[in-house]
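Breakdown of the fold
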Amino acid sequence: MASEKPHMNLAVIGHIDHGKSTLVGRMMFETGAVPAHIIEGYRKEAESKGKATFEFAWVMDNLKEERERGITIDIAHKRFDTPKFYFTVVDCPGHRDFVKNMITGASQADAAILVVAAPDGVMEQTKEHVFLARTLGITQIIIAINKMDAVKFDEKRFNEVKKDLSDLIKMVGYKPDETLFIPISALGGQNIKVNSPETPWYKGLPMIPALDTFKSPDKPTDKPLRLPIQDVYSISGIGTVPVGRVETGIMKKGMKVSFMPANKDGEIKSIEMHHEEIPQAVPGDNVGFNVRGIGKGDIRRGDVCGPAEAPPTVAEEFTAQIVVLQHPSALTVGYTPVFHCHTTQTACTFMELKKKLDPRTGQTKEENPTFLKTGDAAIVVVKPTKPMVIENVKDLPQLGRFAVRDMGSTIAAGMCISIQAKQMR
Ligand SMILES: Nc1nc2c(ncn2[C@@H]2O[C@H](COP(=O)(O)OP(=O)(O)OP(=O)(O)O)[C@@H](O)[C@H]2O)c(=O)[nH]1
Ligand SMILES: [Mg+2]
């Protein structure tokens with residue numbers, strides 16, 4: 001594992017059949033993650049099964065049904081390396097029946113490639129995926145205008161599609177001027193690793209070098225400390241040792257901390273990572289730490305540790321933007337599923353459905369709807385049934401996103417956009 005390089009989770013999104021899996025297969029091939037003989041084997045097999053041109057897509061589409069239907073159904077993870085990063089690429093399905101799998105994929109991503117076929121241009125799931133990507137907090141996006149071979153590498157067509165896409169991404173909050181639009185052929189390999197003579201008019205970066213323009217996911221050390229507790233141990237001779245991952249800020253020895261919603265204070269005596277004592281812990285570090293003044297029974301999983309002078313926010317109620325992934329009937333006021341947010345799992349009641357949004361544009365579609373169903377995006381007010389820490393996604397995105405689950409499946413995903421805080425002291 002070349003894990004010295006920074007790691008990026010990269011989602012590949014876009015309308016059905018626009019060439020997402022083909023692009024991922026192609027990039028894996030060009031970066032050496034998949035050898036040529038495997039592709040050649042797939043090419044022969046696909047051809048003999050009447051699925052010619054699917055050899056690159058088959059790198060990603062491993063399920064029998066996926067190969068027979070020539071579509072992606074579930075997300076698949078693969079790894080490849082560029083000079084700067086190692087990527088875990090999540091190939092998402094474009095089919096509208098499998099948007100929930102796309103959401104799972106996108107919720108794991110630090111960045112995305114949006115694939116749009118040049119002959120079709122912007123389509124239904126192009127819009128929906130862009131909106132979901134934004135809702136789920138993906139801030140960095142590169143756009144691949146694919147199948148340029150099918151439009152004879154025509155600059156005019158590229159510019160038309162680019163214009164439509166610029167309007168679309170601008171609407172949800174991406175900056176078209178700062179976004180790369182790359183004319184490619186995933187199948188033919190043009191503008192993937194190097195610039196192609198077929199597009200002399202294109203002066204920008206090819207696909208793989210473009211990926212190195214992504215910024216590493218930040219280590220938000222300038223924010224207040226937030227460490228959601230995963231477990232609490234009591235170690236003889238040492239005392240109470242909570243463990244967890246630092247999401248934001250820095251934990252230092254000697255620091256005065258508060259645990260919320262337990263509402264307990266203590267002082268950091270020591271911090272350990274991989275069985276070694278360290279003077280401070282930063283975002284991404286998984287640590288155990290010993291706190292003076294805290295007993296084992298005082299805190300538990302789901303509590304969040306923060307500085308005593310800027311303790312984690314406990315919500316009386318919060319407003320959230322959600323997307324309903326799947327609900328057997330209708331989601332109404334009074335519904336109380338479990339919200340999974342950082343390490344807490346807390347039942348929360350829907351108190352108010354404020355507005356329904358168009359999932360394709362984010363514009364208001366209906367004020368005070370009476371119910372929400374699968375596919376709807378909405379602004380809602382939610383009340384935790386017991387005290388719970390959640391933060392505004394604007395301030396602390398790591399603690400502002402959640403998944404809503406009920407009876408073993410994910411009902412919705414969303415983010416907290418404002419909080420009515422509970423006075424704790
Ligand atoms: N002409 C041409 N065809 C392409 C190109 N890229 C992909 N295709 C073809 O488009 C079809 C669909 O490709 P996939 O990669 O499976 O598309 P997808 O976006 O992954 O589709 P879903 O996962 O089902 O949403 C296949 O026949 C590919 O060979 C390209 O650059 N040019
Ligand atoms: Mg696919």
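Residues numbered from 1 in each chain as written. Chains lettered and ligands numbered in written order. Predicted model: local features only at pLDDT ≥ 70, side-chain atom pairs only at ≥ 80, totals over all residues. Heavy atoms only, no water.

As for its placement among the helices and strands, Pro6 is situated in the segment before strand S1 (7-13). By relative accessible area, which is 31% here, Pro6 ends up partly exposed. Each C-alpha atom, one on Pro6 and one on Gly204, is 24 Å from the other, the two residues being 198 residues apart in sequence. When sequence neighbours within four positions are dropped, the list of residues in contact with Pro6 reads Lys84, Phe85, Tyr86 and Ser216. (Helix = DSSP H or I, 4+ residues; strand = E, 2+ residues; numbered from the N terminus. Buried < 20%, exposed > 50% of the residue type's maximum accessible area, 1.4 Å probe, protein only. Contact = heavy atoms within 4.5 Å.)

Moving on to the side chain of Glu30. Relative to the helices and strands, Glu30 resides in helix H1 (residues 20-30). For Glu30, a relative accessible area of 18% corresponds to the buried category. In terms of polar contacts, Glu30 uses its side chain to reach the side chain of Arg26, at 2.8 Å. Apart from the residues within four sequence positions on either side, Glu30 is in contact with Ile192, Lys193 and Ile208. (Polar contact = N/O pair within 3.5 Å; in protein donor to acceptor, adjacent residues only side chain to side chain.)

Inspection of the region around ligand 1 gives 21 residues, with Lys20, Thr22, Thr53, Thr72 and Asp149 positioned closest. Thr53 is positioned with one of its backbone polar atoms (N or O) 2.7 Å from an oxygen atom of ligand 1. Within the side chain of Thr72, a nitrogen or oxygen atom sits 2.6 Å from an oxygen atom of ligand 1. With the chains in place, 92% of the 640 Å² that ligand 1 exposes on its own is no longer accessible. When residues of the shell around ligand 1 are assigned to their parent elements, the largest contribution, three residues, is made by H1. (Near = heavy atom within 4 Å. Areas by Shrake-Rupley, 256 points an atom, 1.4 Å probe, with all protein chains shown as cover.)

This brings us to the coordination of the magnesium ion (ligand 2). The protein atoms that coordinate the magnesium ion (ligand 2) are Ser21 (OG) and Thr72 (OG1), at distances of 1.9 to 2.1 Å. Here Thr72 lies in the loop between helix H4 (64-69) and strand S2 (76-81) and Ser21 lies in helix H1, a separation of 51 residues in the sequence. (Donors = N, O, S within 2.8 Å, 3.2 Å for Na, K, Ca; no water.)

Let's shift gears to the pairing of strand S10 (residues 256-260). Two faces, one strand: in a regular strand the side chains alternate between the faces of the sheet. The buried fraction of S10 is high, at four of five residues. Judged from the four bridges that link them, S10 and strand S11 (residues 264-273) form a sheet pairing that is antiparallel. Among the inter-strand pairings, Ser258 is bridged to a residue of S11, identified as Asp265. Linkage of S10 to S11, two consecutive antiparallel strands, is achieved through a turn of three residues, within which Asn263 is found at a positive phi near 60°. Pairing between S10 and strand S15 (residues 304-307): four bridges, direction antiparallel. Across the sheet, residue Phe259 finds its bridge partner in S15, namely Cys305. (Pairing = 2+ DSSP bridges.)

The next subject is a nonpolar patch on the surface. Side chains of Tyr233, Ile235 and Ile238 sit close together on the surface and give an oily, nonpolar patch of about 270 Å² of accessible area. By the element assignment, Ile235 lies in strand S7 (residues 227-235). (Patch = residues over 30% accessible without salt bridge, like charges linked within 9 Å, V, L, I, M, F, W, Y side chains within 5 Å. Salt bridge = Lys/Arg side-chain N within 4 Å of Asp/Glu carboxyl O.)

Our next topic: the pattern of salt bridges. Under the counting rule described, the total for this entry stands at 23 salt bridges. Residue Arg226 pairs with Glu391 through a salt bridge whose shortest N-O separation is 2.9 Å. You can see Arg226 sitting in the loop between helix H8 (207-211) and S7 and its partner Glu391 sitting in the loop between strand S20 (377-384) and strand S21 (401-406), a full 165 residues away along the chain. Neither Arg226 nor Glu391 differs from the other in exposure class; each is buried. We note a salt bridge from Lys422 to Glu316, for which the minimum N-O separation is 3.9 Å.

Next up on the list: H1. In terms of residue burial, H1 counts as a mostly covered element, since 10 of its 11 residues are buried. Every buried residue of H1 is accounted for by Lys20, Ser21, Thr22, Leu23, Val24, Gly25, Arg26, Met27, Met28 and Glu30. Looking one or two residues beyond H1, the residue adopting positive phi is Gly32, at roughly 85°.

Let's shift gears to the nonpolar core. Ranked by internal contacts, the top residues of the largest apolar core, which has 40 residues, are Ile13, Ile103, Leu114, Ile145, Leu165 and Tyr174. Secondary structure elements with two or more residues in this core: S1, helix H5 (99-107), strand S4 (111-117), helix H6 (124-135), strand S5 (140-146), helix H7 (155-172) and S20. Residue contributions to this core peak at six residues, all from H7. Ranked by size, the runner-up nonpolar core spans 37 residues in total, among them Ile39, Ala111, Ile184 and Ala210. (Core = buried A, V, L, I, M, F, W, Y, C linked by side-chain atoms within 4.5 Å.)

A few words on unusual backbone geometry. Geometrically, the link from Met260 to Pro261 is a cis peptide bond, its omega value of 0° lying close to zero. Counting through the fold element by element, Pro261 comes out in the loop between S10 and S11. Even without a glycine there, the phi angle at Asn263 is positive, about 60°. The topology assignment puts Asn263 in the loop between S10 and S11. Note on Asn263: relative accessible area 29%, which makes it partly exposed. With a phi angle near 45°, His274 is a residue other than glycine that sits in the positive phi range. With respect to the secondary-structure elements, His274 resides in the loop between S11 and strand S12 (276-278).

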